[in-house]
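Overview (structure and organization)
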Amino acid sequence: LQRTRLTYENRSNLAKSAVAKRLFQLMASKQTNLCLSADVTKADDILDIADKCGPYICLLKTHIDIVEDFSEGFITNLQALAKRHNFLLLEDRKFADIGNTVSLQYGKGLYKISNWADLVTAHTLPGRSILQGLKAALGNVEAGQERGVFLLSEMSASGNLIDDKYKENSNKIATEGGDIDFVAGIVCQSSNAFAFPGLIQLTPGVKIDESVDKLGQQYQTPELVVKERGADIGVVGRGIIQANDVQKAAITYRDRLWTAYKERVAK
Ligand code: 5IU
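Because the structure is a prediction, the values reported are computed rather than measured. (Residues numbered from 1 in each chain as written. Predicted model: local features only at pLDDT ≥ 70, side-chain atom pairs only at ≥ 80, totals over all residues.)

Here the focus is the overall build of the protein. Within the protein, the secondary structure is distributed over twelve helices and eight strands. Relative to a compact globule of 267 residues, whose C-alpha radius of gyration would be 18 Å, the protein shows 17 Å and is just as compact. The C-alpha extent of the protein, read off along each of the three principal axes, is 45 × 45 × 35 Å. Residue pairs in contact within the protein that sit at least 24 positions apart in sequence constitute 72% of those at least 6 positions apart. (Helix = DSSP H or I, 4+ residues; strand = E, 2+ residues; numbered from the N terminus. Rg over C-alpha atoms; globule rule 2.2 N^0.38 Å. Contact = placed C-beta atoms within 7 Å.)

Another point: the packing of helix α5 (residues 99-107) against helix α7 (residues 129-136). Two numbers describe how α5 lies on α7: the axes approach to 7 Å, and their chain directions differ by 40°. Taken together, the axis directions place α5 and α7 in an arrangement best described as oblique. Note that α5 runs across α7; the crossing there is right-handed. Listed contacts from α7 to Gly99, Asn100, Val102, Ser103 and Tyr106 of α5 are Ser129, Ile130, Gln132, Gly133, Leu134 and Ala136. For the contact of α5 with α7, the residue count by class is five nonpolar, six polar and no charged. (Axes fitted to C-alpha atoms, helices over the stretch in contact; angles between N-to-C directions. Parallel < 35°, antiparallel > 145°, perpendicular 65-115°, else oblique. Left-handed = near helix turned anticlockwise from the far one by under 90°. Nonpolar A, V, L, I, M, F, W, Y, C, P; charged D, E, K, R; others polar.)

Under the feature "binding site: substrate" (unreviewed entry), the UniProt entry names Asp39, Lys61, Ser156, Gln217, Gly237 and Arg238. Among the structural elements, Asp39 can be located in the loop between β1 (34-37) and α3 (43-53). With residues up to four places along the chain from it excluded, the contact list for Asp39 reads His63, Ile66, Gly237 and Ile241. Within the secondary structure layout, Gln217 lies in the loop between β7 (200-203) and α10 (222-227). Beyond its immediate stretch of four places on either side in the chain, Gln217 contacts Ser156, Ala157, Gly205 and Val212. (UniProt positions renumbered as here; feature names shortened; annotations may be inferred.)

Okay, structure coming up:
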């Protein structure tokens, strides 16, 4: 059976990453496959959006380096909202350096990402050492089990340089070798990017009413990404955060993504 035909409950049993298991279960019980990308630059605005949309999302995606007034208090508040509304935190850092450097970027600096982000994103460009480097920041095995990474194997940007060979090799890094218990999923645009049902497909570039922006972003509808492109989680940024009523928009995206998933597995 193709991975896209299996339920999230079933796939949680197949996941090798403890965080992926948790996220599959959360999606199934909360009935949402919506990831909100909170790409705004003021800490209070992120908290406000997270509080309003929290009940409808499985993941909140951050770009912590765009926050102008970052503080440890902001992280404490964000974690409290994640707990109250039952969603996980994904820092979209797109790590891409040698192992030693990504280890420092993940664990140290102003943001100490490994202390609070359940999940992070990383490029596969440096090869397997990206996983070893990130893991090195976590110290002990128990800490490692609470953390996971989404590896990029495709991008939504028009004209991006990723080709089929790169995609295939990214899939190998995610599914072969000693560090695959750390890989929660793949960020990609198509259902043929990988086959293993224990990985979660995260797909950005989702919007109901617009097909491109002015800077190379390409959008597809919630129904298309879930039913045709294999997305398990749809990532929505401006489709929600620029809406007049962010909560209403989050509900609309949640409903459409979830209905598309239910129809996909019922087929
Ligand atoms: N993002 C993409 N495309 C990708 C990857 C990540 O858009 O291929 I990998 C991120 C960038 C932004 C969010 O934080 O997802 C999408 O935001 P909008 O829905 O506002 O375009």
